[in-house]
Amino acid sequence: YVTEAYGLTETSPGVCCVPLGAPWDGTIGLPVSSTEVSIRNDDFEELPLWLGDADKEKCTGEICVRGPQVMKGYWNNPEETARTLQDGWLKTGDIGFMDSKGYVTITDRKKDMILVSGFNVYPNEIESVVMSHSGVAECAAIGVPDERSGEAVKLLIVRKDPDLTREDIISYCRTQLTSYKLPRQIEFRDALPKTPIGKILRRELRDELKERND
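This is a predicted model, so every value here is computed, not measured.

1. Re the overall build of the chain
- In terms of helices and strands, the chain carries 4 helices and 13 strands.
- In terms of overall dimensions, the chain is globule-like: its C-alpha atoms have a radius of gyration of 19 Å, near the 17 Å expected for 214 residues.
- Viewed in the frame of its principal axes, the chain has a C-alpha envelope of about 55 × 40 × 35 Å.
- Taking all 214 residues of the chain together, 43% fall into the buried category.
- In the chain, the share of contacts with a sequence separation of at least 24, taken over all contacts with a separation of at least 6, comes to 53%.
- For the chain, the computed accessible surface area is about 12400 Å², with 51% contributed by carbon and sulfur atoms.
- The chain carries 27 positive and 36 negative side-chain charges, and their two centres are separated by 0 Å.

Here you go:
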């Protein structure tokens, strides 16, 4: 069998695994033996399980892990240890939710989250909507400074349809996203930076735009 699993160097490395033979449904499976997984908000409060209703946002937060395989700290780095460990829990930096059967789904990385007027906006959600447009080949959503809302969503798009316009994208997004999630800036490019395995490098895009504006 080939199965889905999830872990980190800090967890030696296992956290969750899809049971062997189970159909893959996009989750990272159930916590492995003797391991606890908790979904926490920015105040480190535990969030409820997702029960299959439409509102996943109230159940989505940082994936935190506790178990015998979790590290005790970073070598000679107490500051980073204090940021990463809290009350025996490892804060993974991954965003996700847990359903009523205990299956965990990753939705994004916390460092990629965009804070718009106090609301958490996850790039993967924006990108999924934009990628469903027939005129888009690739896209990336990042946060950029905004005087009114703190941050705003910026989209970088590689077009499949050369006639695709900013107005086309905004109109399409309005049909599927609430107003604070709508992109405020759109930039069309010929290509986006990627890792050797094809993952778009949002951090490189953020750094590039920051250098451009400095």
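2. A closer look at helix α4 (residues 202–213)
- Under the 1.5 Å per step criterion, the end-to-end length of α4 is 17 Å for 12 residues, consistent within 8% with the ideal 16 Å.
- Buried residues belonging to α4 abut β8 (104–109), α2 (123–131), β11 (136–146), β12 (150–159) and β13 (183–189).

3. Topic: the pattern of salt bridges
- Inspection of the entire model under this criterion finds 17 salt bridges.
- Close ionic contact of E127 with R202 constitutes a salt bridge, the shortest N to O distance being 3.0 Å. Taken together, the residues span a long stretch of sequence, with E127 in helix α2 and R202 in helix α4 at a distance of 75 residues. This pair shows no difference in class: E127 is buried, exactly as R202 is.
- Several salt bridges converge on common partners, so that one network encompasses D108, D112, E127, R202 and R206.

4. Some words on the sheet that holds strand β2 (residues 14–17)
- The strand order across the open sheet formed by 3 strands is β1-β2-β3, and the pairing between neighbours is antiparallel. Strand pairing shows two members of the sheet lacking a second neighbour, β1 (5–7) and β3 (30–31), which therefore form its edges.
- Pairing analysis gives 3 bridges linking β1 to β2, with the strands arranged antiparallel. Note that in β2 the partner of G7 across the bridge is G14.

5. Notes on the side chain of E62
- Mapped onto the secondary structure, E62 falls in strand β5 (residues 61–66).
- Taking the relative accessible area as the measure of exposure, E62 reaches 9% and is therefore buried.
- At a separation of 3.2 Å, a polar atom in the side chain of E62 contacts the side chain of K110.
- The contacts of E62, once residues within four sequence positions are left out, are S38, I39, R40, K91, T92, G93, D94, I95 and K110.

6. Points about the packing of aromatic side chains
- In this structure the tally under the stated criterion is 2 aromatic pairs.
- Taken together, a centroid distance of 5.3 Å and an interplanar angle of 70° make the contact between W50 and F97 edge-to-face. Residue W50 is located in the loop between β4 (36–40) and β5, and its partner F97 is located in strand β7 (residues 89–98); the two are separated by 47 residues in the primary sequence.
- Overall, the relative accessible area of 18% leaves W50 in the buried class.

7. Observations regarding the layout of surface pockets
- Its boundaries defined by the atoms lining it, the largest pocket holds a volume of some 480 Å³.
- Taken together, 18 residues make up the lining of the largest pocket; nearest its centre are R109, D112, K199, I200 and R202.
- Listed by contribution, the elements that provide at least two residues to the lining of the largest pocket are β8, α2, β11 and α4.
- Counting residues per element, the lining of the largest pocket draws most heavily on α4, which supplies 4 residues.

8. Some details on unusual backbone geometry
- The omega torsion of the bond from S12 to P13 falls at -10°, within 30 degrees of zero and hence cis.
- Mapped onto the elements, P13 comes out in the loop between β1 and β2.
- Of note in this structure, F44 is not a glycine but carries a positive phi near 65°.
- Tracing the backbone shows F44 in the loop between β4 and β5.

Conventions we followed
Residues numbered from 1 in each chain as written. Predicted model: local features only at pLDDT ≥ 70, side-chain atom pairs only at ≥ 80, totals over all residues. Heavy atoms only, no water. Helix = DSSP H or I, 4+ residues; strand = E, 2+ residues; numbered from the N terminus. Rg over C-alpha atoms; globule rule 2.2 N^0.38 Å. Buried < 20%, exposed > 50% of the residue type's maximum accessible area, 1.4 Å probe, protein only. Contact = heavy atoms within 4.5 Å. Areas by Shrake-Rupley, 256 points an atom, 1.4 Å probe, with all protein chains shown as cover. Lys, Arg positive; Asp, Glu negative; His and termini not counted. Charge placed at Lys NZ, Arg CZ, Asp CG, Glu CD. Expected span 1.5 Å × (residues − 1). Salt bridge = Lys/Arg side-chain N within 4 Å of Asp/Glu carboxyl O. Pairing = 2+ DSSP bridges. Polar contact = N/O pair within 3.5 Å; in protein donor to acceptor, adjacent residues only side chain to side chain. Phe/Tyr/Trp six-rings, centres within 6.5 Å; stacked < 30°, edge-to-face > 60°. 1 Å grid on protein atoms, 1.4 Å probe; cavity = no way out; pocket = protein on both sides within 12 Å on 5 of 7 lines; lining within 4 Å. Points joined across faces, edges and corners; volume = space filled by probe spheres on them.

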